[in-house]
Amino acid sequence: MPMSSPALTDWIGRQEVVDDRLDLTRARAMQATLDLSERPLELGDTLPPLWHWLYFWQIAPLSGLGPDGHPARGGFLPPVPLQRRMWAGGRLEFPGRLPLGQRATRRSTIKDVQEKEGKSGRLVFVTVRHELAASGDPAVIEEQDIVYRDAPEGPFAPPPGKACELEADWRAEVEATPTQLFRYSALTFNGHRIHYDPDYAREVEGYPGLIVHGPLLATLLLGRYLKERRGRALTRYSFRALRPIFDIAPFKVCGRADGQLWIEDPEGMMAMRAEAG
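The present account deals with the structure reproduced in this document. Values in this document were obtained by computation on a predicted structure and should not be read as measured data.

## Focus on the packing of aromatic side chains
At step 1: All chains considered together, the criterion is met by 7 aromatic pairs.
At step 2: For the pair Trp170 and Tyr225, a centre-to-centre distance of 6.5 Å together with 40° between the ring planes defines the contact as tilted. Of this pair, Trp170 sits in strand 6 (residues 170-174) while Tyr225 sits in helix 4 (residues 214-228), placing them 55 residues apart in sequence. Tyr225 shares its class with Trp170; the two are buried.
At step 3: Each member of the aromatic cluster is reached from another via a ring pair, and the members are Trp53, Trp87, Tyr237 and Phe239.
At step 4: Arg14 extends its terminal NZ or CZ atom over the ring of Trp11, reaching a point 4.3 Å from the ring centre.
At step 5: Note that Lys116 overlies the ring of Phe125, its terminal NZ or CZ placed 5.2 Å from the centroid.

## Details of the nonpolar core
At step 1: Counting residues in hydrophobic clusters, the biggest one holds 51 residues, and the most contacted among them are Leu98, Tyr237, Phe251 and Ile263.
At step 2: Aside from chain neighbours lying at most four places away, what touches Ile263 is Leu217, Leu221, Ile245, Phe251, Lys252, Val253, Met269, Met270, Ala271 and Met272.
At step 3: Core analysis: the second largest hydrophobic core is formed by 12 residues, Leu77, Leu82, Val124 and Ile146 among them.

## Topic: the pairing of strand 2 (residues 84-93)
At step 1: Taken together, the 9 bridges between strand 2 and strand 5 (residues 137-149) define a ladder with antiparallel strand orientation. Its bridge partner lying in strand 5, Leu92 is registered against Glu142.
At step 2: As paired elements, strand 2 and strand 7 (residues 236-241) share 5 bridges and run antiparallel to each other. Across the sheet, the residue bridging to Gly89 is Arg240, located in strand 7.

Conventions adopted
- Residues numbered from 1 in each chain as written.
- Predicted model: local features only at pLDDT ≥ 70, side-chain atom pairs only at ≥ 80, totals over all residues.
- Heavy atoms only, no water.
- Phe/Tyr/Trp six-rings, centres within 6.5 Å; stacked < 30°, edge-to-face > 60°.
- Helix = DSSP H or I, 4+ residues; strand = E, 2+ residues; numbered from the N terminus.
- Buried < 20%, exposed > 50% of the residue type's maximum accessible area, 1.4 Å probe, protein only.
- Lys NZ or Arg CZ within 6 Å of the ring centre and 35° of its normal.
- Core = buried A, V, L, I, M, F, W, Y, C linked by side-chain atoms within 4.5 Å.
- Contact = heavy atoms within 4.5 Å.
- Pairing = 2+ DSSP bridges.

Quick look at the structure:
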(Lines give C-alpha, C1' and ligand atoms only; values in the text may rest on other atoms or scores of the structure.)
Protein backbone atom coordinates (compact mmCIF):
# COMPACT_ATOMS: atom_id res chain seq x y z
CA MET A 1 0.00 0.00 0.00
CA PRO A 2 1.58 3.37 -0.98
CA MET A 3 2.47 5.65 1.93
CA SER A 4 0.29 8.40 0.47
CA SER A 5 -2.74 6.15 0.18
CA PRO A 6 -5.79 7.62 1.90
CA ALA A 7 -6.61 4.08 3.07
CA LEU A 8 -4.40 4.56 6.15
CA THR A 9 -6.41 7.54 7.34
CA ASP A 10 -9.57 5.57 6.63
CA TRP A 11 -8.71 3.63 9.80
CA ILE A 12 -9.38 6.75 11.94
CA GLY A 13 -12.47 6.12 14.02
CA ARG A 14 -12.27 2.32 13.76
CA GLN A 15 -13.19 0.64 17.05
CA GLU A 16 -12.95 -2.70 18.77
CA VAL A 17 -14.26 -3.90 22.14
CA VAL A 18 -12.51 -6.62 24.15
CA ASP A 19 -13.71 -8.23 27.39
CA ASP A 20 -11.43 -10.00 29.84
CA ARG A 21 -11.42 -11.26 33.40
CA LEU A 22 -8.78 -9.68 35.61
CA ASP A 23 -7.20 -12.99 36.51
CA LEU A 24 -5.51 -13.13 39.92
CA THR A 25 -2.85 -15.64 38.88
CA ARG A 26 -1.64 -13.40 36.07
CA ALA A 27 -1.26 -10.45 38.47
CA ARG A 28 0.64 -12.61 40.95
CA ALA A 29 2.90 -13.75 38.13
CA MET A 30 3.63 -10.09 37.44
CA GLN A 31 4.57 -9.61 41.10
CA ALA A 32 7.07 -12.46 40.69
CA THR A 33 8.36 -11.07 37.38
CA LEU A 34 9.09 -7.72 39.04
CA ASP A 35 10.51 -9.56 42.09
CA LEU A 36 8.22 -7.63 44.43
CA SER A 37 8.30 -8.53 48.12
CA GLU A 38 4.86 -7.18 49.04
CA ARG A 39 2.11 -9.56 50.13
CA PRO A 40 0.56 -11.57 47.30
CA LEU A 41 -2.40 -9.85 45.69
CA GLU A 42 -5.87 -11.19 46.53
CA LEU A 43 -9.24 -11.23 44.80
CA GLY A 44 -10.89 -7.82 45.11
CA ASP A 45 -7.58 -5.95 45.39
CA THR A 46 -7.08 -3.11 42.95
CA LEU A 47 -4.92 -4.02 39.98
CA PRO A 48 -1.73 -1.91 40.23
CA PRO A 49 -1.44 0.93 37.68
CA LEU A 50 -0.26 -0.12 34.20
CA TRP A 51 -0.79 -3.81 34.93
CA HIS A 52 -3.88 -3.72 32.71
CA TRP A 53 -1.36 -4.30 29.91
CA LEU A 54 -1.31 -7.95 31.06
CA TYR A 55 -4.90 -8.34 29.89
CA PHE A 56 -6.99 -7.78 26.73
CA TRP A 57 -4.55 -9.76 24.62
CA GLN A 58 -4.43 -9.50 20.84
CA ILE A 59 -4.60 -13.24 20.10
CA ALA A 60 -3.39 -14.09 16.60
CA PRO A 61 -2.70 -17.63 15.33
CA LEU A 62 0.88 -18.54 14.44
CA SER A 63 -0.09 -18.42 10.78
CA GLY A 64 -1.12 -14.79 11.28
CA LEU A 65 2.28 -13.59 12.54
CA GLY A 66 4.98 -11.78 10.62
CA PRO A 67 8.67 -12.85 10.64
CA ASP A 68 9.31 -10.57 13.63
CA GLY A 69 6.67 -12.36 15.74
CA HIS A 70 4.20 -9.47 15.60
CA PRO A 71 0.68 -10.03 14.23
CA ALA A 72 0.59 -9.24 10.51
CA ARG A 73 -0.43 -5.75 9.45
CA GLY A 74 -4.09 -4.94 9.13
CA GLY A 75 -7.01 -5.89 11.34
CA PHE A 76 -7.72 -3.25 13.97
CA LEU A 77 -4.48 -1.31 13.37
CA PRO A 78 -3.92 0.13 9.88
CA PRO A 79 -1.73 -1.90 7.47
CA VAL A 80 1.24 0.46 7.52
CA PRO A 81 3.84 -0.79 4.98
CA LEU A 82 6.88 -0.16 7.18
CA GLN A 83 8.88 -2.94 8.81
CA ARG A 84 9.32 -1.75 12.39
CA ARG A 85 6.57 -0.96 14.87
CA MET A 86 7.31 0.49 18.30
CA TRP A 87 5.34 1.84 21.22
CA ALA A 88 6.63 5.43 21.43
CA GLY A 89 4.74 6.63 24.51
CA GLY A 90 1.39 7.23 26.08
CA ARG A 91 -0.84 9.25 28.38
CA LEU A 92 -3.11 7.76 31.04
CA GLU A 93 -5.77 8.88 33.48
CA PHE A 94 -7.10 6.78 36.35
CA PRO A 95 -10.69 7.80 37.19
CA GLY A 96 -11.52 4.48 38.87
CA ARG A 97 -10.19 1.05 39.84
CA LEU A 98 -9.90 -2.40 38.30
CA PRO A 99 -10.71 -5.02 40.99
CA LEU A 100 -8.96 -8.36 40.57
CA GLY A 101 -11.31 -11.19 39.73
CA GLN A 102 -13.90 -9.01 38.00
CA ARG A 103 -14.63 -8.81 34.30
CA ALA A 104 -13.52 -5.63 32.55
CA THR A 105 -14.05 -4.11 29.12
CA ARG A 106 -11.63 -2.21 26.89
CA ARG A 107 -13.07 -0.06 24.11
CA SER A 108 -10.34 0.98 21.65
CA THR A 109 -10.55 3.68 18.97
CA ILE A 110 -8.04 4.71 16.30
CA LYS A 111 -7.82 8.40 17.12
CA ASP A 112 -5.29 9.61 14.55
CA VAL A 113 -2.93 8.47 11.78
CA GLN A 114 -0.17 10.80 10.59
CA GLU A 115 2.64 10.38 8.09
CA LYS A 116 5.88 12.30 8.67
CA GLU A 117 9.39 12.44 7.27
CA GLY A 118 12.12 12.12 9.89
CA LYS A 119 15.91 12.06 9.81
CA SER A 120 15.77 8.27 9.65
CA GLY A 121 13.24 8.24 6.81
CA ARG A 122 9.50 7.73 6.59
CA LEU A 123 7.44 7.55 9.76
CA VAL A 124 3.79 6.85 10.48
CA PHE A 125 2.31 7.69 13.88
CA VAL A 126 -0.88 5.98 15.02
CA THR A 127 -2.67 7.16 18.17
CA VAL A 128 -5.02 4.69 19.84
CA ARG A 129 -7.43 5.61 22.64
CA HIS A 130 -8.42 2.91 25.12
CA GLU A 131 -11.25 3.24 27.62
CA LEU A 132 -11.29 0.57 30.34
CA ALA A 133 -14.24 -0.05 32.63
CA ALA A 134 -15.13 -2.57 35.35
CA SER A 135 -18.81 -3.20 36.12
CA GLY A 136 -19.57 -0.27 33.81
CA ASP A 137 -17.51 2.19 35.84
CA PRO A 138 -14.63 4.01 34.06
CA ALA A 139 -11.27 2.88 35.40
CA VAL A 140 -8.49 3.81 32.94
CA ILE A 141 -8.37 6.19 29.98
CA GLU A 142 -5.28 5.72 27.86
CA GLU A 143 -3.81 7.07 24.65
CA GLN A 144 -1.01 5.06 23.04
CA ASP A 145 1.37 6.46 20.44
CA ILE A 146 2.62 3.79 18.03
CA VAL A 147 5.34 4.64 15.50
CA TYR A 148 6.17 2.72 12.32
CA ARG A 149 9.47 3.13 10.50
CA ASP A 150 11.66 1.45 7.89
CA ALA A 151 14.38 -0.89 9.06
CA PRO A 152 17.73 0.95 8.82
CA GLU A 153 20.59 -0.50 6.83
CA GLY A 154 23.56 -1.83 8.77
CA PRO A 155 24.09 -2.13 12.54
CA PHE A 156 21.86 -0.26 14.95
CA ALA A 157 22.85 3.36 15.60
CA PRO A 158 21.20 4.91 18.69
CA PRO A 159 19.52 8.29 18.33
CA PRO A 160 21.37 11.28 19.80
CA GLY A 161 21.25 11.25 23.58
CA LYS A 162 20.50 13.96 26.11
CA ALA A 163 21.40 13.86 29.78
CA CYS A 164 18.72 14.83 32.27
CA GLU A 165 19.33 18.23 33.83
CA LEU A 166 17.18 17.49 36.90
CA GLU A 167 18.57 16.38 40.23
CA ALA A 168 17.12 13.01 41.21
CA ASP A 169 15.60 12.36 44.64
CA TRP A 170 16.15 8.66 44.04
CA ARG A 171 18.17 6.59 41.59
CA ALA A 172 18.07 2.79 41.52
CA GLU A 173 20.18 0.53 39.31
CA VAL A 174 18.25 -2.18 37.46
CA GLU A 175 19.43 -5.06 35.33
CA ALA A 176 16.82 -6.61 33.05
CA THR A 177 17.54 -10.29 32.50
CA PRO A 178 16.48 -12.42 29.50
CA THR A 179 14.27 -14.42 31.86
CA GLN A 180 12.44 -11.31 33.04
CA LEU A 181 11.95 -10.11 29.45
CA PHE A 182 10.66 -13.53 28.43
CA ARG A 183 8.22 -13.55 31.35
CA TYR A 184 6.92 -10.07 30.56
CA SER A 185 6.50 -11.02 26.90
CA ALA A 186 4.51 -14.07 27.98
CA LEU A 187 2.33 -12.11 30.43
CA THR A 188 1.47 -9.54 27.76
CA PHE A 189 1.26 -12.12 24.95
CA ASN A 190 3.86 -10.11 23.03
CA GLY A 191 5.50 -12.27 20.37
CA HIS A 192 7.96 -9.62 19.14
CA ARG A 193 11.24 -11.51 18.90
CA ILE A 194 13.45 -8.53 19.79
CA HIS A 195 12.50 -9.14 23.45
CA TYR A 196 13.39 -12.84 23.81
CA ASP A 197 15.30 -14.10 20.74
CA PRO A 198 18.89 -12.76 20.98
CA ASP A 199 20.00 -14.24 17.65
CA TYR A 200 17.11 -12.56 15.84
CA ALA A 201 17.70 -9.25 17.67
CA ARG A 202 21.39 -9.18 16.70
CA GLU A 203 21.48 -10.84 13.29
CA VAL A 204 18.22 -9.56 11.78
CA GLU A 205 17.43 -6.30 13.54
CA GLY A 206 21.07 -5.31 14.11
CA TYR A 207 20.67 -4.63 17.84
CA PRO A 208 23.46 -5.35 20.35
CA GLY A 209 21.12 -7.37 22.57
CA LEU A 210 17.52 -7.92 23.61
CA ILE A 211 15.39 -4.79 23.89
CA VAL A 212 13.68 -4.07 27.20
CA HIS A 213 9.98 -3.47 26.56
CA GLY A 214 8.95 0.19 26.66
CA PRO A 215 5.84 -0.65 28.74
CA LEU A 216 8.03 -2.55 31.21
CA LEU A 217 10.28 0.51 31.62
CA ALA A 218 7.21 2.70 32.14
CA THR A 219 5.96 0.23 34.75
CA LEU A 220 9.28 0.20 36.60
CA LEU A 221 9.31 4.01 36.70
CA LEU A 222 5.77 4.32 38.02
CA GLY A 223 6.21 1.47 40.48
CA ARG A 224 9.25 3.14 42.01
CA TYR A 225 7.45 6.48 42.20
CA LEU A 226 4.48 4.94 44.02
CA LYS A 227 6.85 3.18 46.41
CA GLU A 228 8.66 6.42 47.22
CA ARG A 229 5.41 8.41 47.46
CA ARG A 230 3.38 5.76 49.28
CA GLY A 231 -0.15 6.90 50.09
CA ARG A 232 -0.31 9.54 47.36
CA ALA A 233 -3.25 9.12 44.98
CA LEU A 234 -2.41 8.69 41.30
CA THR A 235 -4.61 10.49 38.76
CA ARG A 236 -2.44 10.72 35.63
CA TYR A 237 0.73 9.38 34.07
CA SER A 238 2.54 10.01 30.80
CA PHE A 239 5.71 8.61 29.30
CA ARG A 240 7.79 8.91 26.14
CA ALA A 241 10.48 6.55 24.88
CA LEU A 242 13.65 8.33 23.75
CA ARG A 243 16.33 5.64 23.33
CA PRO A 244 16.20 1.84 23.55
CA ILE A 245 17.45 -0.05 26.60
CA PHE A 246 19.13 -3.42 26.10
CA ASP A 247 19.72 -6.37 28.41
CA ILE A 248 23.51 -6.14 28.03
CA ALA A 249 24.11 -3.55 30.77
CA PRO A 250 22.35 -2.17 33.87
CA PHE A 251 20.33 1.04 33.64
CA LYS A 252 18.94 3.43 36.25
CA VAL A 253 15.39 4.23 37.31
CA CYS A 254 15.37 7.84 38.48
CA GLY A 255 12.80 10.24 39.85
CA ARG A 256 11.80 13.21 41.93
CA ALA A 257 9.09 13.78 44.49
CA ASP A 258 7.37 16.23 42.11
CA GLY A 259 6.60 13.37 39.72
CA GLN A 260 9.37 13.93 37.17
CA LEU A 261 10.69 10.47 36.26
CA TRP A 262 13.23 9.10 33.81
CA ILE A 263 15.24 6.06 32.74
CA GLU A 264 18.98 6.69 32.47
CA ASP A 265 20.86 4.43 30.06
CA PRO A 266 24.42 3.11 30.62
CA GLU A 267 25.81 6.17 28.84
CA GLY A 268 24.04 8.51 31.25
CA MET A 269 21.44 9.58 28.65
CA MET A 270 17.67 9.70 29.11
CA ALA A 271 16.08 6.64 27.54
CA MET A 272 12.55 7.40 28.76
CA ARG A 273 10.93 10.48 30.24
CA ALA A 274 7.75 10.28 32.33
CA GLU A 275 5.57 12.34 34.62
CA ALA A 276 3.16 11.22 37.34
CA GLY A 277 0.62 13.25 39.25
